[in-house]
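Here are the chains, one letter per residue:
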Amino acid sequence: MDQNQLKRLVGEAAVDYVAARVTRDSIIGVGTGSTANCFIDGLARIKDRFAAAVSSSEASSQRLAALGIRVLDLNDVSEFPVYVDGADEVDPGLHAIKGGGAALTREKIVRSVAQEFVCIADASKRVPVMGRFPLPVEVIPMARASVSRALRALGGDPRWREGVVTDNGNIILDVHGFSITDPVGLESEIDHIAGVVTNGLFARRAVDVLLVSNAEGVEQVKRS
Ligand code: 5RP
């Protein structure tokens with residue numbers, strides 16, 4: 001099975017996971033990226049079994065709407081049971097790096113309102129220690145140089161993702177060279193740099209359930 005087939009497989013498994021937990025008035029949190037797109041496409045087959053979605057990007061909102069799924073503004077929602085999204089790396093403690101698609105800030109906001117974060121990934125995303133995938137950091141444009149200096153002082157090698165503007169009008173720095181053995185500490189440290197909007201570590205509020213696909217099928221891993 002190639003990676004696209006593995007993404008489709010885990011996207012469908014997430015639809016089954018959600019279908020078993022929703023009622024007609026449920027709202028579902030929906031993430032961003034190619035794996036999340038497989039989930040969105042699969043959601044269409046159960047769209048009469050839940051009320052609406054909240055989404056972590058303009059792209060996902062458009063994809064949901066095109067499938068006839070109602071999309072609510074997060075400001076109109078106080079809580080919902082499940083947020084389903086992909087990841088760039090996941091470690092054994094179910095901490096994740098996200099933001100390869102530059103949607104990390106809205107992803108973290110939507111995740112913060114969800115009772116449960118269900119992460120969907122193919123097996124290539126599981127790593128013993130995160131950091132080979134460069135850590136995305138969303139930054140206010142005027143702070144690009146000052147934040148880069150602060151990230152260098154933490155031992156990283158930040159590179160500007162030129163040409164990319166987030167849905168919030170900001171820029172992304174991709175930080176190479178970290179070996180992330182203390183994801184909770186690093187998440188907090190980077191968040192405290194002036195000019196940082198969000199960093200792509202989901203560690204203080206990590207993944208609750210990981211659905212991970214490989215050639216044998218989909219494994220479910222729960223955070224202990
Ligand atoms: C977008 C994300 C994505 O979930 C992450 O980059 C994984 O993407 P894909 O499923 O395309 O591999 O965090 O900001």
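Source: prediction; values computed, not measured.

Colleague: How do you make sense of the site of the ligand when you look at a structure like this?
Modeller: Neighbouring the ligand are 17 residues; Ser-34, Thr-35, Asp-88, Gly-99 and Lys-125 lie closest to it. In this structure, an oxygen atom belonging to the ligand sits 3.4 Å away from a main-chain N or O atom of Gly-86. Contacts to the ligand include Ala-103, whose backbone N or O atom sits 3.2 Å from an oxygen atom. About the coverage of the ligand: the protein hides 91% of its 380 Å² of free accessible area.

Colleague: In this structure, what is going on with the packing of helix α2 (residues 34–43) against helix α3 (residues 58–66)? I would like to understand it.
Modeller: Across the interface, α2 lies against α3 with an axial gap of 9 Å and an inter-helix angle of 20°. When the interaxial angle is binned, α2 and α3 end up roughly parallel. Note on packing geometry: the crossing formed by α2 with α3 is right-handed. Where α2 abuts α3, its residues Asn-37, Ile-40, Asp-41 and Leu-43 lie against Ser-60, Arg-63 and Leu-64. Residues that form the contact of α2 with α3 fall into these classes: 3 nonpolar, 2 polar and 2 charged.

The rules behind these values
- Residues numbered from 1 in each chain as written.
- Predicted model: local features only at pLDDT ≥ 70, side-chain atom pairs only at ≥ 80, totals over all residues.
- Heavy atoms only, no water.
- Near = heavy atom within 4 Å.
- Polar contact = N/O pair within 3.5 Å; in protein donor to acceptor, adjacent residues only side chain to side chain.
- Areas by Shrake-Rupley, 256 points an atom, 1.4 Å probe, with all protein chains shown as cover.
- Axes fitted to C-alpha atoms, helices over the stretch in contact; angles between N-to-C directions.
- Helix = DSSP H or I, 4+ residues; strand = E, 2+ residues; numbered from the N terminus.
- Parallel < 35°, antiparallel > 145°, perpendicular 65-115°, else oblique.
- Left-handed = near helix turned anticlockwise from the far one by under 90°.
- Contact = heavy atoms within 4.5 Å.
- Nonpolar A, V, L, I, M, F, W, Y, C, P; charged D, E, K, R; others polar.

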